[in-house]
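# Chain and residue survey
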2 protein chains.
Amino acid sequence: MRGEIELRLAMRHAGERSLRLRYELVGAAEAPVVLVAGGISAHRHVAANAVFDEKGWAEGLVGVGRALDPQRRRLLGFDFIGADGELDVPIDTADQAEAVALLLDALGIERLHGYVGYSYGALVGMQLAIRHPQRLHRLVAVSGAHRPHPYASAWRALQRRAVALGQLQCAETHGLALARQFAMLSYRTPEEFGERFDAAPEVVNGRVRVAAEDYLDAAGAQYVARTRVNAYLRLSESIDLHRIDPAAIDVPTLVVAVEGDRLVPLSDLVSLVEGLGTRGSLRVLRSPYGHDAFLKETDRIDAILANALSLPGETA
Amino acid sequence: MRGEIELRLAMRHAGERSLRLRYELVGAAEAPVVLVAGGISAHRHVAANAVFDEKGWAEGLVGVGRALDPQRRRLLGFDFIGADGELDVPIDTADQAEAVALLLDALGIERLHGYVGYSYGALVGMQLAIRHPQRLHRLVAVSGAHRPHPYASAWRALQRRAVALGQLQCAETHGLALARQFAMLSYRTPEEFGERFDAAPEVVNGRVRVAAEDYLDAAGAQYVARTRVNAYLRLSESIDLHRIDPAAIDVPTLVVAVEGDRLVPLSDLVSLVEGLGTRGSLRVLRSPYGHDAFLKETDRIDAILANALSLPGETA
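Residues numbered from 1 in each chain as written. Chains lettered and ligands numbered in written order. Predicted model: local features only at pLDDT ≥ 70, side-chain atom pairs only at ≥ 80, totals over all residues. Heavy atoms only, no water.

An unreviewed UniProt entry annotates chain A as Homoserine acetyltransferase originating from Stenotrophomonas daejeonensis.

If you want it as structure tokens, here you go:
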């Protein structure tokens, strides 16, 4: 089922606000509930299912026989607050976590069997684990740390400036496309670019055009077609506002790191796990897809999730 | 002395052109000549000297007792063609090398004792060594490879798009500043940003501002004040046009690589040295300054240059 709830939220940076939160809940009715939350451009539709058959953002992680098997789990997804572009104020990851808690109330879900968060979704999961530890049995945090790396923050700040440059006159989507293209460089790795875009550049209309530009054009256009500028800006900011104390997380937490992630370096996830103490454990993947490994290395991620989310008596 | 020569150049992508090439030549009159060429924003004034006392772009590498000692070496610098912004066509590194050969003719310098090139200057040095091997005794190529890495090319292409977006908005310098700010992220490392910009972000006028933004503002403003937009665009393109066959270099070449350089990865410089065969050797530095290590690790670079550029009977 899909739906939306109305909620009032005391936002950290913007006072009390009335908001709508849209969700999707699918899978076996009585099965344990797993919430799946992705990066800032993810949404409530995690994967195609019997009711809603359009492609989701984490296709390949959900399916029969997978750790996220709709026959054995109930899968909950939601649209981040701010994702509709209506809320033009600073949004904290703590605000998102409070919204999730209210959503669980509304749906009558006392406790999640698991919360699987990737990138921004992982940051929200940490806030939920700190503020409402009784609402989740375990947390799987993939490619997200207790605080943004200053280099990654600088990178995002410049992407927001590209949007602002576009907004100066009437090229807002042009600026958003450029921001997304720069972001793609942070999501992927030189290793992948080296393999895919090795061709010599061309001179087109007196200008040099390098091999990756067709790919980057497509990435920009695709993003602009489905993203509100304010949503991008406010959720990008939200990553930079995130700072939590790992010691405050009192829920068993599996941290999944990708070696070669240019946005969330392995060393920061090692610090996170150290801060978690006995509640934390770490799995490290090596992938040419860097920060996007969660979306690309679906078999390897599934094996990790199967282990983390299994029930007594289930074969992982 | 400073001067300029007029030259006619058969440019690879733009046909025959009349150009001016500006140079600076300082140091002991009869000493061996070392040409020093830097990145795309470097110029003919390498360092302050007795005649021209303003700061140069490689201050700290030149001085009494240094490998680049004006009492024992004659130091030649030049402005890259295109650096004045007058030449709005694709510029190849081979074009630059031909211009250098004509400059050596004009100055009556038969053979350089050494050519020290950093970043773009290294690419030009390789072209000189291929096209005019008799004009240089040895080449020191720092942080420059036989071809650009596809990931770095993509990064530069997006910087050029930031300029184009600014031009569309009648905010040309705004676009150039943003391009430079993105470039700074490629010149430096997460390690350095992690140490310098660890402070929490602030919310200023309803927008999130991260710790590195003051630094990035200053870097952008400083660059815009001294750089013509066309010069930036055409020299940035020129890096992406560069492709040479290392086996064609028939001059002893020392390649200096910086581990952690995000623009010119160590692995590409290892390939370059492999291609050079017996004529090549490699030195690797580890530095938190990444691609900019040449400008920052001046003592370590000096030690390498002292060794590479010493004369028989000199103590390095």
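Back to the write-up after that little detour.
## Let's talk about the domain arrangement of chain A
Residue and element names in this part refer to chain A. Taken domain by domain, chain A holds domain 1 (2-149 + 244-309) and domain 2 (151-239). Using C-alpha coordinates to define each centre, domain 1 is positioned 25 Å away from domain 2. Listed per partner, the contact involves 32 residues of domain 1 and 26 residues of domain 2. Between domain 1 and domain 2, roughly 2,500 Å² of surface is buried when both sides are summed, and carbon and sulfur atoms account for 53% of that area. Per-residue buried area on domain 1 facing domain 2 is highest for Ile40, Arg262 and Leu263; these three make up 27% of the total on that side. Glu86 is the salt-bridge partner of Arg228, the closest N and O atoms lying 3.5 Å from each other. Taken together, the links from domain 1 to domain 2 amount to 13 residue pairs in polar contact (both at pLDDT 80 or more). When residues of the side of domain 1 that touches domain 2 are traced back to their parent elements, those giving at least two are α1 (93-107) and α2 (120-131). Of the residues that constitute the side of domain 1 that touches domain 2, the class distribution is 14 nonpolar, 10 polar and eight charged. (Domains from an automatic or database assignment. Contact = heavy atoms within 4.5 Å. Buried area = accessible area lost by both parts, 1.4 Å probe. Salt bridge = Lys/Arg side-chain N within 4 Å of Asp/Glu carboxyl O. Polar contact = N/O pair within 3.5 Å; in protein donor to acceptor, adjacent residues only side chain to side chain. Helix = DSSP H or I, 4+ residues; strand = E, 2+ residues; numbered from the N terminus. Nonpolar A, V, L, I, M, F, W, Y, C, P; charged D, E, K, R; others polar.)

## Describing the relation of the copies chain A and chain B
Note: a rotation about an axis with an accompanying shift along it relates these two copies of the chain. Turning chain A through 180° and shifting it by 0.0 Å along the axis lays it on chain B, with an RMSD of 0.2 Å. Taken together, the turn and the small shift mark the pair as related by a two-fold rotation axis. Interface residue correspondence from chain A to chain B reaches 98%, placing this contact among same-surface, isologous pairings. (Least-squares fit on C-alpha atoms with pLDDT ≥ 70 in both.)

## Points about the pattern of salt bridges
As enumerated under the stated definition, the model contains 58 salt bridges over all chains in all. With a closest N to O distance of 3.3 Å, Asp302 of chain A and Arg66 of chain A form a salt bridge. With Asp302 of chain A in helix α10 (residues 298-309) and Arg66 of chain A in the loop between β3 (33-37) and β4 (74-78), this residue pair connects regions lying 236 residues apart in the sequence. We classify Arg66 of chain A as buried; its relative accessible area is 18%. Each of Arg161 of chain A together with Arg209, Glu213, Asp214 and Asp217 of chain B takes part in one network of salt bridges that share partners. (Buried < 20%, exposed > 50% of the residue type's maximum accessible area, 1.4 Å probe, protein only.)

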